[in-house]
Amino acid sequence: MGIRNVGTSDAALVRRVQTGDTGAYADLVARYRDRLGRYALHMLGNREDAEEVLQDAFVRAYRSLARCDDPERFGAWLYGILVNRCRTAGPRAARRARRFVHDPAALAGPDGRTEWDDTVRWALARLPSESREAFLLKHVEELEYEDMARLTGAGVSALKMRVKRAREQLQTMLKEAERV
Amino acid sequence: MFEPVDDVIERIARHLRRPVRIDPALDGRVMREITALPTPGGATALGKAWGWLTRPHQLTLTPLGGLTVAAALAVVVLLSRMDSSAPGPPAPPQAESRAFQFVLVAPRATHISLVGDFNDWDAARTPMRRAGSEALWTAVVPLAPGRYHYAFLVDGSRWLADPSAPVARDEDYGEPSSVLTVGGGGS
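All figures in this text were calculated on a predicted structure; none of them were measured in a lab.

*Asks:* Explanation requested: helix α3 (residues 47-63) of chain A in the structure shown.
*Replies:* For the α-helix, the turn length of 3.6 residues means that residues three or four positions removed from each other point alike. For α3(A), spanning 17 residues, the distance from its first C-alpha to its last is 24 Å, which sits close to the expected 24 Å at 1.5 Å a residue. Listed as buried for α3(A) are A:Asp49, A:Ala50, A:Glu51, A:Val53, A:Leu54, A:Gln55, A:Ala57, A:Phe58, A:Val59, A:Ala61 and A:Tyr62.

Printed below as a string of structure tokens:
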């Protein structure tokens, strides 16, 4: 134990955890909390589900840390676990989301920002989960298709098709929302 | 006229790329869960040496409204056995000390000391250190078997004790404190 070094690499922290310094895992959690939380939040559509899945992903990663073959790529490995957890939690979150009705006019603030935020969330939630996943990984997390393929287990061609469909569907839905 | 697809998508993507802030208390919840688990990669010699010997003694502090400490929680874990099991004459009692890690989640604190019977309640002797997370503070103390009163001193003036841990009956200190019992043998 001792003072944590902010500049410590992922690999060094992973090795410390593997040798019994459980406290070092707190550094990894803090390092990836917000970034992975963003993906989970957009994927699942609400903060409660996102935090639950995120916590689960961190705990599962800890349990499996001995199987993290390349500690230098801990972040990508952790990302893969989160993507899988989001897939599992997705249907439950989707059922909950259906209880909400899209009504931009009722939610719009004076500057319109609330309406836009709500519209984006609404459109994102209506995408099929595979398309939403591909869209977020490509356009929000800005991953290369090869990295997306490693994370999701899908082929590059399939991922490109999902992203293309997601873009088209989002465009259509935003047109629809503008008519409301 | 609608925007071209690429412009719409870029606008959505920019919106979704904005940083998201997840409650730092999540760090504490994760740490509470994993302290109950075996050390990953415990097959290494060092891992074994530092492996958990028992389930953790876990303490939870409720948020104290109006205090500088928000959503605070604490975990005390047995880090390792410090004595040796090598053959030879029995070790003296003080050689049976084990390292205990005290973990406190206190996102708004600027300084925390661990005080207790083990350091004569001296706030200068065991300052807690941030563990990377802006919310997480840790300190490790070797403890021989015995019964210890302890508390967290936050920002030099606020005492925190654990409501879910045994409360110290001793009123000598006039401040809340908790009790940690370190058993002998392997427990």
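*Asks:* Explanation requested: helix α2 (residues 25-34) of chain B in the structure shown.
*Replies:* Summarising burial for α2(B): eight of the ten residues are buried, a large majority. Within the sequence span of α2(B), burial applies to B:Leu26, B:Asp27, B:Gly28, B:Arg29, B:Val30, B:Met31, B:Arg32 and B:Ile34.

*Asks:* Got a minute to help me understand the packing of helix α2 (residues 24-44) of chain A against helix α7 (residues 129-140) of chain A in this structure?
*Replies:* Residues and elements named next belong to chain A. Viewed as axis vectors pointing N to C, α2 and α7 meet at an angle of 145 degrees, and their least axial separation amounts to 10 Å. In the crossing of α2 with α7, the sense of the turn from one axis to the other is right-handed. When α2 is examined against α7, the residues Tyr39, His42 and Met43 are found in contact with a partner set consisting of Arg132, Glu133, Leu136 and Val140. Here the residues of the contact of α2 with α7 are counted per class, giving four nonpolar, one polar and two charged.

*Asks:* It is not clear to me how the nonpolar core should be interpreted in this structure. Could you clarify?
*Replies:* Ranked by internal contacts, the top residues of the largest apolar core, which has 85 residues, are A:Ala40, A:Leu54, A:Leu78, A:Leu82, B:Leu104 and B:Ile112. In terms of residues, this core owes the most to one element, α2(A), which gives 13 residues. A domain split of this core shows at least three residues from each of domain 1 (1-99) and domain 2 (102-180) of chain A. Setting aside chain neighbours within four positions, we find A:Ala40 in contact with A:Ala50, A:Val53, A:Leu54, A:Leu82 and A:Cys86.

Rules behind the numbers
Residues numbered from 1 in each chain as written. Chains lettered and ligands numbered in written order. Predicted model: local features only at pLDDT ≥ 70, side-chain atom pairs only at ≥ 80, totals over all residues. Helix = DSSP H or I, 4+ residues; strand = E, 2+ residues; numbered from the N terminus. Expected span 1.5 Å × (residues − 1). Buried ≥ 20, exposed ≤ 12 C-beta atoms within 10 Å, placed from the backbone. Axes fitted to C-alpha atoms, helices over the stretch in contact; angles between N-to-C directions. Left-handed = near helix turned anticlockwise from the far one by under 90°. Contact = placed C-beta atoms within 7 Å. Nonpolar A, V, L, I, M, F, W, Y, C, P; charged D, E, K, R; others polar. Core = buried A, V, L, I, M, F, W, Y, C linked by C-beta atoms within 7 Å. Domains from an automatic or database assignment.

Everything listed here is a matter of geometry and, on its own, says nothing about what the molecule does.
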